[in-house]
Amino acid sequence: MVLCAKVYAKEGEKTRRLLLENKLLNKNYKIVKEGDFLYIPLNEENLKNINLKDLIPNIEIVEKDIKKKEIKRKPSFREVISKRFRKEIDEGLIALSYDVIGDLVILQISDEIDEKTRKEIGEIAYKLIPCKGVFRRKSEVKGEFRVRELEHLAGENRTLTLHKENGYRLWVDIAKVYFSPRLGGERARIMKKVSLDDVVVDMFAGVGPFSIACRNAKKIYAIDINPDAIELLKRNIKLNKLEHKIIPILSDAKDVDVMGNRVIMNLPKYSHKFIDKALEIVNEGGVIHYYTIGSDFDEAIKLFEKKCDCKVLEKRIVKSYAPREYVLALDFKILKN
C-alpha cells in the first residue's frame, strides 16, 4: 500500500505541480485514475517536514495499492556493440573504448571493417552516447603537428568543439590539433601542484590544456609548433580570462629562450629528444614533468640521471599505449643541471 493524495481529476495537474515543487511527489509510483479521482503517490519521508493540509487545504490522504513504475534502462553503446560485433571485437577490429571531446565522439574501427558497417556503428554511437557528431580514427597521430585523419560516421560533420574539464573550457578542433581527454586526470594532478610563485614552461602546449590547468602560476609560457594549435590556444586563453598570465609562443620548443621552475614535457613519443632543452629551461631546484612511453620507469630514470643530478618525486602509469607498453609520467626535481 502506498500513501496517496486523493484529488478530483480536474485538480490533478495543479496538485501534482505543488507536490513536485515541495518534493512531496513519489516518482517511483504511477498516478492512478479511478472515476472522477486521481491518486497521486506521496513521498512519505518528506511529509514529516511539512503539513500537507497547510499546502493544499482540501486534500485527502489515503492508502492505495498501486504499482511501481517500470524504469527501462537504455542499453549502453558498449553493450549493443558487444552483442552485434563480438567476433570483430575479439579480433581487434572494433574497440569498445572511445573518446568524447566536447560534443564529439571518436571511435576506433579498423579499415578492414566495410564502410556500411562503420556507418552503422557510428549511428549506434550517435543514438546511445550523448553527442552531436561521431567520427572514426583513420590513422594514428602523425607528423610534427601530431594530428590524425578522421572519417565522419554520423551526426554533425564538424570538427570544432568546446570541451570542458577540471573547471575550465577549451576550444578543440579534432582534425587540426592533438588533444587527449584521457589526460584530464593528469592535468588535474599537475594543477594541484602549481603554486602562485611558479613560472611554468609548457613545451608542447597544443590548445593549452596543461597551460590553463596551471592557471594559478605567476606566469606560463605555452609553446607549440602547430599554428592551428596556437590560434586555438589564444582563443582558450581569452575564454578562460588568462591573458595576463599565459604567453603563447609559436615555435619549435628547441628554439625558445625562456626559463621557469616547472617544465611540462607532454610529448610522450618524442620527449626524450628534448631533455637537453628542458634542462636548459628549468631553474635549479625546479621540476620537470616528463611523459614518455615504455614498459617500466627504468629507462627514463637512467636517461635523466646521465644528464643531471635529479630526484624522482613521483612516477605513475597514465594509460595503456600498446600491449605491455604505457604512457608514463615522471616528476623529476632537478637538483643540479
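Parameters and conventions
- Residues numbered from 1 in each chain as written.
- Predicted model: local features only at pLDDT ≥ 70, side-chain atom pairs only at ≥ 80, totals over all residues.
- Heavy atoms only, no water.
- UniProt positions renumbered as here; feature names shortened; annotations may be inferred.
- Helix = DSSP H or I, 4+ residues; strand = E, 2+ residues; numbered from the N terminus.
- Rg over C-alpha atoms; globule rule 2.2 N^0.38 Å.
- Buried < 20%, exposed > 50% of the residue type's maximum accessible area, 1.4 Å probe, protein only.
- Contact = heavy atoms within 4.5 Å.
- Salt bridge = Lys/Arg side-chain N within 4 Å of Asp/Glu carboxyl O.
- Pairing = 2+ DSSP bridges.
- Axes fitted to C-alpha atoms, helices over the stretch in contact; angles between N-to-C directions.

The name given to the protein chain in an unreviewed UniProt entry is tRNA (guanine(37)-N(1))-methyltransferase Trm5b, with Methanocaldococcus lauensis as the source organism. Database annotation for the protein chain, UniProt heading Subcellular location (unreviewed entry): "Cytoplasm". Under the heading Function (unreviewed entry), UniProt records this for the protein chain: "Specifically methylates the N1 position of guanosine-37 in various tRNAs."

## Points about the overall build of the protein chain
Check the secondary structure of the protein chain and you find 11 helices and 17 strands. Its C-alpha radius of gyration of 28 Å places the protein chain more than 25% over the 20 Å reference for a compact globule of 337 residues. Expressed as lengths along the three principal axes of its C-alpha atoms, the size of the protein chain is roughly 85 × 50 × 35 Å. Among the 337 residues that make up the protein chain, the fraction classed as buried is 47%.

## Comments concerning the side chain of Asn-236
Within the secondary structure, Asn-236 sits in helix α9 (residues 227-239). The residues contacting Asn-236, other than those within four sequence positions of it, are Arg-169, Leu-170, Trp-171, Val-207 and Ile-212.

## A word on the UniProt feature "domain: SAM-dependent methyltransferase TRM5/TYW2-type" (unreviewed entry) in the protein chain
Here the UniProt feature "domain: SAM-dependent methyltransferase TRM5/TYW2-type" (unreviewed entry) sits at residues 98-336. For residues 98-336, the helix share is 25%, the strand share is 39%, and the end-to-end C-alpha distance is 42 Å.

## Re the pattern of salt bridges
It is possible for side chains bearing opposite charge to pair when their charged atoms get close. Scanning all chains against the criterion turns up 23 salt bridges. Arg-187 serves as the salt-bridge partner of Glu-165, at 2.6 Å between the closest nitrogen and oxygen. Highlighted residues: Glu-165 in strand β9 (residues 160-165) and Arg-187 in helix α7 (residues 184-193), separated in sequence by 22 residues. Linking Arg-189 and Glu-314 is a salt bridge whose minimum nitrogen-to-oxygen distance equals 3.0 Å. Placement of Arg-189 in helix α7 and of Glu-314 in strand β16 (residues 309-322) is noted, with a sequence separation of 125 residues between them. When its relative accessible area of 12% is taken as the criterion, Arg-189 is described as buried.

## A few points about the sheet that holds strand β2 (residues 32-34)
Strands sit in the order β2-β3-β1-β4 across an open sheet of 4 strands; the sheet is antiparallel. With one partner strand each, in any of the chains shown, β2 and β4 (60-64) form the two edges of the open sheet. Looking at each pair of strands side by side, their axes are set apart by 35° on average, direction ignored. For strand β1 (residues 2-8) and strand β3 (residues 37-41), the ladder comprises 5 bridges, and the chain directions are antiparallel. By the bridge assignment, Cys-4 is partnered in β3 with Pro-41.

## Remarks on the sheet that holds strand β14 (residues 260-265)
With mixed pairing, 7 strands are arranged side by side in an open sheet as β13-β12-β11-β14-β15-β17-β16. This sheet does not close on itself; its edge strands, each paired only once, are β13 (246-250) and β16. Averaged over all pairs of adjacent strands, the angle between strand axes in this sheet comes to 15°, irrespective of strand direction. Both strand β11 (residues 199-202) and β14 contribute to a ladder of 3 bridges, which runs parallel. Bridge assignment links Asp-202 to a residue of β14, and that residue is Ile-264.

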